[in-house]
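Spelled out, the chains give:
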Amino acid sequence: MKQLRFGYVTAPVLGVLWTFVIALTVAIAMSFATGSAFRPSGLGALIWGAGLGLACLPGPVWKPVAAGIIVTIAALFGFGPIAIGNGVSGFSSLMGAAGTAGFAAFGLWIMLDEVAFGPINRHVFEAAIIKFLTGFGYIFFTAIVLIPFYVMVLTSLKNQAELIQNPLDFSVDLSKGWDLLRSYDELFTQFNFGTYLVNSFIISVLTVFITLLFAVPGAYAVARLRFRGRAAFSRSILLIYMVPMIVLALPIYIAFSMLGLRNSLGGIIMIYPVTTIPVALYMLQGYFRGLPAEIEEAGLMDGLSRLKVIWKITLPLSLPAMASVSLYVFMIAWNEFLLAFMLLDDPSKFTLTRGIASLNSSEIPRQHLMAGSVIATVPIMVLFLGLERFMTKGLTAGSVKG
Amino acid sequence: MSDVSPPKGSGPLARLEARLAWGLLAPTIAAVALVVILPLLAIFWISIKPVSLSDLRAPEVVIREDIRGDYEAVGDEAAIRYRLRNSSQDQPIRGVTITDTIPQGLAVFDLDPRCALDGRALFCDFGDWDGGFRETLMIPVMVEQAYLDTNIRPQDTDATVTGRASSVLTNATFTFDNFKRVFDGDEFWSVLWVTLFYTVFGTIGALLFGLFAAMLLNKSFKGQGILRGLYLFPYVSPVIAVAFAWILLFDPFSGSANALLIQMGVTQEAINFFGQRPLALIMVTLFEIWRYFPLSFLFILARMQSIDSDMYEAADMDGASPFQQFWYLSVPQLLGILSVLFLLRFIWTFNKFDDIFLLTGGNAGTRTLTVNVYEQAFAVSNIGAGAAVAVVIFGCLLLFSFFFFRFISQEEGL
C-alpha cells in the first residue's frame, strides 16, 4: 500500500478506475435511453483516465476543464473512454462523450481534492479512496435499484414487436398520446384488474384492522403485565414468525379444500391476519416497552382500569408505532403471493398478485404482465414514500433493537 | 411480631394481573393455534400418510338417475335407471344405501332383491363396494295417468346416498415411504446443497450490500431522504412484480441485459441467465441479495446513527485513518446488529419460497427445500412427500432457532 501513497500514483489509478465506472454508467444509461450502441472502451479508459487523474490534482481549475474538453473531443472521434457506434445521432454522441468526460473530471476533481503530486499521508490517501468508493456506491446502488423498475415501466408502454426488434430501445414515442397506455386500458377493461385492485385493497385494509385488534392487547400484555411464562411467550412469538409459509400453506390448502373455503376472499381474510399478528405483536411490544410506565401508573392511581389505561394513555402515545405497524402489515398483505396463488382459482376473486400470476402465459403479451406489475407496485410505493419516515422508524425500532 | 417474612406465592393483585394478561393474549393464542400450530401438527400427520392430491376428496357414491323406455299412454312399461359408481378407483365404500321417492303414477311391478318399497319410498342396500365399482339398477315401472299429468320425473327428486368411506387422511394406514422418497438418491443432497448455497451467500451478500449502502447514507446531505427511500424500493414492491421484471430483463431472446452485453462485446451470443446451471442458482441468489439488502441497510443505518460521533472525533485527533476508524470503531459497534441480522436473515432466506418459484420454478438446479415441498405436493401430486419435506424444513428451523435464541438472549436480553 505504501507504494501507492504518492499523488502521481494515486491520481492515475483512481483516474482509470473512476473513468471506467463513468464510461460504463454513461454507456448503459445512453443505451437504455436511446437504444443506440454505446460501450465503454477499456483501453480508452486506461489512457484517458490516467491523464484525467493527473490533470485533476489540486491546481488551477482550467486544467481539469481543458482535460475534460480534450477527452470529449477524443471520444467524439472514436478514441475516448466511451466508444460510440456508427449511426448514432450527433446529439446523442455529444451527450455521451461530454457526459463521460464531464462526470469523470468532476468526480476526480472532488476525490483528489487534498491529494498532492508527491508523497501523501495515509489520511489523505484513504480519504481519496473512500470518496471514490462513495461515488461508485451511489452509482452502483442507484443503477441496480432503478434498472428493473425502469424496464418494468417502459416495457408496459411498448408492444411485443418493438420489444423483440430492439430490446434496448426504451425510447417512448410520445406522439402516440393515450395509446401508450393501451396495456393498462386493456387490463382494466378485459382482464378485470379493477376488481383485483379493489379486492387487494379491501383484503389489505381488513388485514391491518384485524391484526391490530389482536396484536395491540397481546403486545401490551407481553410488554407491561407480569405473568408466568412471559419470557417463553415472547420467544415463541419470534419462533412463529420464523415458520416458513410454505410449510403452513400445504395443510391450509388441504383444510380449505375440504371445508370449501378455497376460492373465497373470506378464507384469505381468515389467514392473512394470523401471518401478520406475530410480527405486529413483536414490533408493538418493543415500542410499548419504550413508553414510560409512570404515566400509566398515574392513570391507574387515578382510578382508570387497565383497559381504559390502554385505550386512553398507551394507544394515543403509540400512534407513530401503530402507523408504522399498519403500513408494514398493509405491505405484507398487499404483496402476499403464495397463499393467494394456492387458494384462489376463480378469476373473479383474484387479488392483484394472483391476477399478475395469471397474466404469465405465452398467449398474453409481455407488456400486459409489466403493466400489471406497475399497477401492483405503484400504490404501495406511493403509500410508502409518503409515510417513509414511519416505516423506517417502525421497522428498526420495533422489530430488532440494535 | 414473630412471623415477619416476605409473602410467599403470588398475591391477589399479581393473580389479577396475570389473569388480565392471559385474557388479553387469548385471542392471539387462539388464532395462532388454529392457523399455525394445528397446521404444523397436521404436517407431521400427513408426512406419514400415503396421500396424493386426488385423495383429498373422500370417495363417494356418484349417482345418476333417469327414466328409460317409450311411454306415451297409460299402461306403457318403462324403467327407472340408477347409474351408480364409486368415485375412487382404489378406496372401498362400505354400507352403500340409497333412499329415493318414486314419483306419483309410476307403479313398480318388479323389484330388485336388494331393494324394498314402502309406499312410495324406495330403499336399496348395496353392501360394500370396492374401488372403481360400478352398478346399474333398473326398476321396471308401469306408467299411470297420474304420472302423465303431474310430469314429475324420477330425477326431479334427489336420491339420498349413504356410505362410509375411510379417507386416507383419517384412517390408520401409515407409511414411511414419503421420507424414504425424500431422502432417497442424490436428489435430496443436491437440493440441500442448493439450499445452503442460496441461504449462505444470499444472507452474507445482503448483509454486505446493506452495510455498504448504510455507509453511503450515514451522512446528511441534500437528497439523502430520497436516496434512502429509493434504496428501499426492491424490498417494498410486490415480489411477483420485481421477479417478472428480472425475468424480462434477463430474457435470452428479448432481454435488455443480453442485448447490452452483446453490444458491449462481453459475450457473443445470448446467455440464458435463468435456464442453465450453475448460472441460474447464482442469479436467484443475486436476486435475493438485491431484494433484501434494503432490510439490512435499514437496520445497520439505524445502528450507525446511534453511535456517538465524539468517538470518531477523538480517533481523528489521535490520528486514526478513515479505514482504521471503520475497522476499530464502527465494526465492533456494528457487530451485534450484524450477527442478529445474519441469524434472522439466514432463517428467512432458508424459508424463502416465492422468489425462486417465480424466477425459475425450481428448474435449472435451483430447487431449494421449500420449492421441493411445492414440487412434491403439487407437481408430482404427492402431498405426503411434500409434507415430509416440510417436516425436514421444520427440523432445520428448530435447529437454527436453538442457535438463534442462545445468541439473541445475550444480544437482546429477550
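Residues numbered from 1 in each chain as written. Chains lettered and ligands numbered in written order. Predicted model: local features only at pLDDT ≥ 70, side-chain atom pairs only at ≥ 80, totals over all residues. Heavy atoms only, no water.

## A short note on the overall build of chain A
When helices and strands are tallied, chain A shows 18 helices and 2 strands. For chain A, the C-alpha radius of gyration of 29 Å lies well beyond 21 Å, the compact-globule estimate for 402 residues. Considering only C-alpha atoms, chain A reaches an extent of 80 × 60 × 35 Å along its principal axes. Considering only intrachain contacts with a sequence separation of at least 6, the fraction spanning at least 24 residues in chain A is 75%. Total accessible area computed for chain A in this model is approximately 17,300 Å², and 70% of it derives from carbon and sulfur atoms. Distance between charge centres in chain A, computed from 25 positive and 18 negative side chains, equals 12 Å. (Helix = DSSP H or I, 4+ residues; strand = E, 2+ residues; numbered from the N terminus. Rg over C-alpha atoms; globule rule 2.2 N^0.38 Å. Contact = heavy atoms within 4.5 Å. Areas by Shrake-Rupley, 256 points an atom, 1.4 Å probe, with all protein chains shown as cover. Lys, Arg positive; Asp, Glu negative; His and termini not counted. Charge placed at Lys NZ, Arg CZ, Asp CG, Glu CD.)

## Overview of the interface of chain A and chain B
With 109 residues of chain A in contact, the opposing surface of chain B contributes 99 residues. Taking both sides of the interface into account, the surface hidden between chain A and chain B amounts to around 9,200 Å²; carbon and sulfur atoms contribute 79%. Considering only the side of chain A, the residues that lose the most area to chain B are Tyr138, Phe141 and Met242 of chain A, jointly responsible for 8% of the buried surface there. Between chain A and chain B we count 2 salt bridges in total. Across the pair Glu17 of chain B and Arg226 of chain A runs a salt bridge, and its minimum N-O distance is 3.5 Å. On inspection of chain A and its partner chain B, the count reaches 15 residue pairs in polar contact (both at pLDDT 80 or more). (Buried area = accessible area lost by both parts, 1.4 Å probe. Salt bridge = Lys/Arg side-chain N within 4 Å of Asp/Glu carboxyl O. Polar contact = N/O pair within 3.5 Å; in protein donor to acceptor, adjacent residues only side chain to side chain.)

## Structural notes on the domain arrangement of chain A
Residue and element names in this part refer to chain A. When cut into domains, chain A gives domain 1 (2-165) and domain 2 (185-399). Just the C-alpha atoms count here: the centres of domain 1 and domain 2 sit 44 Å apart. Every contact between the two is made by 9 residues of domain 1 and, on the other side, 9 residues of domain 2. Surface buried jointly by domain 1 and domain 2 totals about 680 Å² across both partners, of which 74% is contributed by carbon and sulfur atoms. Counting the surface domain 1 buries against domain 2, the share from its top three residues, Met152, Ser156 and Gln160, is 62%. (Domains from an automatic or database assignment.)

## Quick notes on the pattern of salt bridges
All names here are of chain B. Under the defined criterion, the tally for this structure stands at 16 salt bridges over all chains. With a shortest N-O distance of 3.1 Å, Arg345 and Glu288 are connected by a salt bridge. Taken together, the positions of Arg345 in helix 11 (residues 322-351) and Glu288 in helix 9 (residues 279-305) put the pair 57 residues apart, joining distant regions of the chain. Its relative accessible area of 3% is what places Arg345 among the buried residues. For Glu288, a relative accessible area of 0% corresponds to the buried category. (Buried < 20%, exposed > 50% of the residue type's maximum accessible area, 1.4 Å probe, protein only.)

## Focus on the packing of helix 1 (residues 7-34) of chain A against helix 8 (residues 256-263) of chain B
Their axes nearest at 11 Å, the elements helix 1 of chain A and helix 8 of chain B cross at an angle of 125°. Taken together, helix 1 of chain A and helix 8 of chain B sit at an angle that is classed as oblique. The two elements helix 1 of chain A and helix 8 of chain B cross, and the hand of that crossing is right-handed. Two secondary-structure elements touch here, helix 1 of chain A through Ile28, Ser31 and Phe32 of chain A and helix 8 of chain B through Ser256, Leu260 and Gln263 of chain B. Grouping the amino acids of the contact of helix 1 of chain A with helix 8 of chain B by side-chain chemistry returns 3 nonpolar, 3 polar and no charged. (Axes fitted to C-alpha atoms, helices over the stretch in contact; angles between N-to-C directions. Parallel < 35°, antiparallel > 145°, perpendicular 65-115°, else oblique. Left-handed = near helix turned anticlockwise from the far one by under 90°. Nonpolar A, V, L, I, M, F, W, Y, C, P; charged D, E, K, R; others polar.)

## Brief notes about the packing of aromatic side chains
Evaluation of the coordinates by the stated rule reveals 51 aromatic pairs over all chains. Ring centres of Phe342 of chain B and Phe346 of chain B lie 5.7 Å apart, and the angle between their planes is 35°; on these two criteria the pair is classed as tilted. One end of the pair is Phe342 of chain B and the other is Phe346 of chain B, both in helix 11 and 4 residues apart, which spans about a single turn. Among the residues examined, Phe342 of chain B registers a relative accessible area of 29% and is labelled partly exposed. A relative accessible area of 12% means that Phe346 of chain B is categorised as buried. Feature note: the residues Trp18, Phe132, Phe136, Phe140 and Phe141 of chain A together with Phe209, Phe212, Tyr231, Phe293 and Phe297 of chain B constitute an aromatic cluster, connected by ring pairs. (Phe/Tyr/Trp six-rings, centres within 6.5 Å; stacked < 30°, edge-to-face > 60°.)

## Points about unusual backbone geometry
Residue Arg277 of chain B is joined to Pro278 of chain B through a cis peptide bond whose omega torsion reads -10°. Looking at the element boundaries, Pro278 of chain B is found in the loop between helix 8 and helix 9. Its identity as a non-glycine residue notwithstanding, Asn192 of chain A has a phi of 70°, on the positive side. Its place among the elements puts Asn192 of chain A in the loop between helix 7 (182-190) and helix 8 (193-224). Not every positive phi belongs to a glycine, and Ser381 of chain B is a case in point at roughly 60°.

## What about the sheet that holds strand 8 (residues 160-165) of chain B?
Residues and elements named next belong to chain B. Taken together, 4 strands build an open sheet; the order of strands is 5-6-3-8 and the sheet is antiparallel. Bordering the open sheet on either side are strand 5 (115-118) and strand 8, each of which pairs with just one other strand. The average angle at which neighbouring strand axes cross in this sheet is 15°, direction not considered. As paired elements, strand 3 (residues 93-101) and strand 6 (residues 121-129) share 7 bridges and run antiparallel to each other. In the strand pairing of strand 6, Thr101 is matched with Ala121. (Pairing = 2+ DSSP bridges.)

## Brief notes about the UniProt feature "domain: ABC transmembrane type-1" (unreviewed entry) in chain B
The UniProt feature table records "domain: ABC transmembrane type-1" (unreviewed entry) at residues 192-404 of chain B. Structurally, residues 192-404 of chain B is divided into 76% helix and 0% strand, and its ends, taken at the C-alpha atoms, are 21 Å apart. (UniProt positions renumbered as here; feature names shortened; annotations may be inferred.)

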